[in-house]
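# Secondary and tertiary structure notes
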Amino acid sequence: MQAFLFLVRLAGLLSLTSRVLVTSVLQEGLPESAVQALLRPSHISERLVGLQVRGSDFTLGNTPFLILSGTIHYFRVPRDYWKDSLLKLKACGFNTVTTHVPWNLHEPRRGQFHYSGNLDLMAFISLAAEVDLWVILCVGPYIGSDLDLGGLPSWLLKDSHMKLRTTYKGFTTAVNHYFDDLIPRIRGFQFHEEGSIIAVQMENEYGSYNLDKGYMPYIKNALLSRGIKTMLLTADTGQGLLKGHTPTVFATLHMKGIRKDTYERLSSVQGPGPVMMMVYTARSLDGWGTSRNTLDLHMLMHEAREMLQLRFSLNFYMFHGGTNFGFMGGAAFRGHRLPMVTSYGKYQWAPCVCLQLPRLCGLRRGLCQQRRWELSSVHPPRSLCKNLSFHWRMIAFQCCVGFRHPAVNQPQVSTLQVGTQCCLSSQCETHLPTSHGPTHGPVCGDAALSPPSLPSRLDARTAVLCVCISVPPVARLIDYGALLTEDGDYTPEYLVFQKLFHPDAEVPSFRQRDCKPKDTYAPLAAGHFISLWDTLIHQDDQPVRSMGPLSMEQLSVNQGNGQSTGYILYETIITEGGVLNSDGHVKDRGQVFLDDKYIGVLDDTHQRLILHNDHHKEFLTLRILVENQGRLASGTSMNQERKGLTGNIYLNSSPLRKFKIYSLEMQNKFIQRKLPNIWKPSFLHAEGPAFFLALLRVGSQPKDTFMSLRGWTKGVVFINGQNLGRYWNLGPQETLYLPGPWLKPGLNEIIVFEEFKSALLIYFSNVSRLGY
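The structure reproduced in this document is the subject of the present report.

About the criteria used
Residues numbered from 1 in each chain as written. Predicted model: local features only at pLDDT ≥ 70, side-chain atom pairs only at ≥ 80, totals over all residues. Heavy atoms only, no water. Helix = DSSP H or I, 4+ residues; strand = E, 2+ residues; numbered from the N terminus. Buried < 20%, exposed > 50% of the residue type's maximum accessible area, 1.4 Å probe, protein only. Areas by Shrake-Rupley, 256 points an atom, 1.4 Å probe, with all protein chains shown as cover. Pairing = 2+ DSSP bridges. Axes fitted to C-alpha atoms, helices over the stretch in contact; angles between N-to-C directions. Contact = heavy atoms within 4.5 Å. Salt bridge = Lys/Arg side-chain N within 4 Å of Asp/Glu carboxyl O. Phe/Tyr/Trp six-rings, centres within 6.5 Å; stacked < 30°, edge-to-face > 60°. Lys NZ or Arg CZ within 6 Å of the ring centre and 35° of its normal. Right-handed = clockwise from strand over helix to strand, strands pointing away.

### With respect to the overall build of the protein
Secondary structure summary: the protein contains 14 helices and 41 strands in total. Counting all 772 residues of the protein, 60% fall into the buried class. Only carbon and sulfur atoms are counted for the fraction: they give 51% of the accessible area of the protein, which is about 30,600 Å².

### Some details on the sheet that holds strand β9 (residues 250-254)
One closed barrel holds the eight strands; their spatial order is β4-β5-β6-β7-β8-β9-β10-β11, and the pairing between them is parallel. Ignoring which end each strand starts from, the neighbouring axes of this sheet average 30° apart. Both strand β10 (residues 276-280) and strand β11 (residues 313-320) contribute to a ladder of three bridges, which runs parallel. Bridge pairing links Tyr-280 to Phe-316 in β11. Strands β9 and β10 of the sheet are contacted by helix α8 (residues 262-270), whose axis makes an angle of about 165° with β9.

### Some remarks on the side chain of Ser-531
For Ser-531, the position within the fold is in strand β21 (residues 528-531). Beyond its immediate sequence surroundings of up to four residues, Ser-531 is in contact with Pro-689 and Ala-690.

### Describing the sheet that holds strand β39 (residues 735-738)
Spatially, the four strands line up as an open sheet ordered β20-β41-β36-β39, and their pairing is antiparallel. Whereas interior strands pair on both sides, the edge strands pair on one side only; in this sheet they are β20 (524-525) and β39. Where strand β36 (residues 705-708) and strand β41 (residues 761-765) come together, three bridges link them in antiparallel fashion. The residue bridging Met-707 from the neighbouring strand is Phe-764, located in β41.

### Brief notes about the pattern of salt bridges
Within this structure, the stated rule accounts for 26 salt bridges. With a shortest N-O distance of 3.3 Å, Asp-604 and Lys-587 are connected by a salt bridge. Note that Asp-604 is positioned in the loop between β27 (597-602) and β28 (608-611) and Lys-587 in strand β25 (residues 586-587), a separation of 17 residues in sequence. Judged by relative accessible area, which is 22%, Lys-587 ranks as partly exposed. The salt bridge partner of Glu-627 is Arg-726, with a shortest N-O separation of 3.5 Å. Here Glu-627, found in strand β29 (residues 620-627), pairs with Arg-726, found in strand β38 (residues 722-728); they are 99 residues apart in sequence, far enough to count as distant.

### Some thoughts on the packing of aromatic side chains
Per the stated rule, a full pass over the model turns up 37 aromatic pairs. Considering the side-chain rings of Tyr-521 and Phe-764, the 5.9 Å spacing of their centres and the 90° angle between planes classify their relative orientation as edge-to-face. Residue Tyr-521 is found in the loop between α11 (492-501) and β20, and its partner Phe-764 is found in strand β41; the two are separated by 243 residues along the sequence. Of the two residues, Tyr-521 and Phe-764, both sit in the buried class. The ring of Phe-191 carries the charged tip of Arg-47 above its face, separated from the ring centre by 4.7 Å.

### Here's the deal with α8
Among all positions of α8, only Thr-262, Tyr-263, Arg-265, Leu-266 and Ser-267 are buried. Among the residues trailing α8, Gly-271 stands out with phi positive, at a value near 75°.

### Some remarks on the pairing of strand β6 (residues 134-140)
Summarising burial for β6: seven of the seven residues are buried, a large majority. Residues Trp-134, Ile-136, Cys-138 and Gly-140 point to one face of β6 and Val-135, Leu-137 and Val-139 to the other, with burial holding for every one of them. Here five bridges tie β6 to strand β7 (residues 197-202), and the two strands are oriented parallel to one another. When the sheet's bridge partners are listed, Leu-137 is paired in β7 with Val-200. The parallel pair β6 and β7 is bridged by helix α5 (residues 169-186), and the resulting crossover is right-handed.

That's the geometry; what it means functionally is another story.
In structure tokens:
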């Protein structure tokens, strides 16, 4: 019996023991002549036999094949950059791209299908074939992927009896219509049709949902009957493996919930065979108001190396994370609702900043004589850390201490403990390391440095403590295992994994000139504004009148499909003040206004507000502006994920009645309306809810940039009518990625919908600031 230890994330460090399965792989191995991971579409001329299982191996075209895949979501990456990301995937040593198909984006309204622009799935598949990559297509209908409702369209919830991901007739009817449109579009791209699709994943982690035993066989038959002939896959966590498995469908694993008996169970349901780690991921999603999840690169490398030694096929989720443009991001439940941030990507490296702390701010003099420094010995002023929004405990990932030796007045550098190495210049303003290796010292720019030992004695008055930060500081963070940054640039991890997967490849140099050009545009002033209340009479649709509140999904807008995303405004007349009680029916976050005066917020944790009487007015206008912060992306509670006011709102224990309801979906059509006569100078008004207008002038070659709304509070940004995404000063994300292709030479219109208070100025940077 062969045993091995395997580190896993999300559930902590777990031990994985493989018995029969891994033993057979190690004993048999692969023939030396096998193409393995180097097998690409251009290498196979005959397409008679697709992906199969033979013994302990995959074979493709009767040739042993190891799948090395990375996930790129075409809908999260600007179309102009698809090819760039795919070429980088190939250059890193991967042979396959995995992508998911979001039903809610392709069929936003029942019977209306969109496959153009950034949703041109067929163009993405064709491009993958052009750059010589295989494709694994995850068609759902549920795909998860941290999307709103896991990629299911919200109009399904218009049916009050809907049972998602079951054989409930209302759901299967919708799935059948969707597959009737989707499958014929992709059928010709399958392996046996000279295409690049070698496998199709059905559903996603159904073993964790498991509400209907007949559902997965139904999905299997729905795909086979429509002409899917490539290998079908399921993907489940360790706990959900048995419940999610479907006979004659190859079972793959998601890297969470795996225990030592997982592989024994896997072998029991499909016999000895290859192992496919379908979701090899570094961490869980980031939510507004939380610190970013982190992982050490060395742990990630250790696991990847072990999987390759054991002939595991694997898929990196994500290779390129991209962006949750618009309102596509969903939410999770971690004891409380956690709406997802706009970025789905990785850090951009940024300059170091030097913090000069007199007398090292509490550094004990005795430690100055030691060569080993303890992180807990250094305590910067609380006010300094607060100003930088910096948690000192995070320094363990990336920090260093610099000294000016009293004798030679030269900078000396040493790392704190082991950690990730760092670099300093004499001014402490150099860039972060460009690459690392276990045998390398820190690298500053192009010059490698070996950190010297600390002097035996140090004059604390001349010491300077330097921490590699970017304001906010940068730690060694990996987002979902992403090997590219949010905007698609290389990361140091990319180079390390390229060496692991493709050791003979020519490694591209990690220099600034090899990254896509960025621009730091001059700060802008939002010179004009329109109050939200002033836009209501200009809405395309008349407000819906209802005796009681209606949820977004129940509205008669969008040709009867209801409202999917954005905001919804409820307006009614009251004659007295008192206690306003939401009774938990505000989904997800509602601002309350009385005669346009802001009163407070209602949400899951704040369900009561006091409304004061105005003795000078007989009637008062009560408005509740509710934001949909994203539906849950997983879990059985998805069936209850209706948004807006989902039940009665009470004033002094009596339910409110006679509502006017405004749908504020803020789709492109809404935000592109021209309202030239009602814009007002913004110096007269900086309070929300309001739309603020700024004009950005760009040269003949627009470049990527990162937008910062420093000083603003919470809202959404639109550029030339396209929804860039949400911002919130709650953090951790501080910048929004603005792709160059979204800009045009000349004037570009930026509209910011601010819920509370604006700062009027909009800043731009050539580096991202996603938190810490």
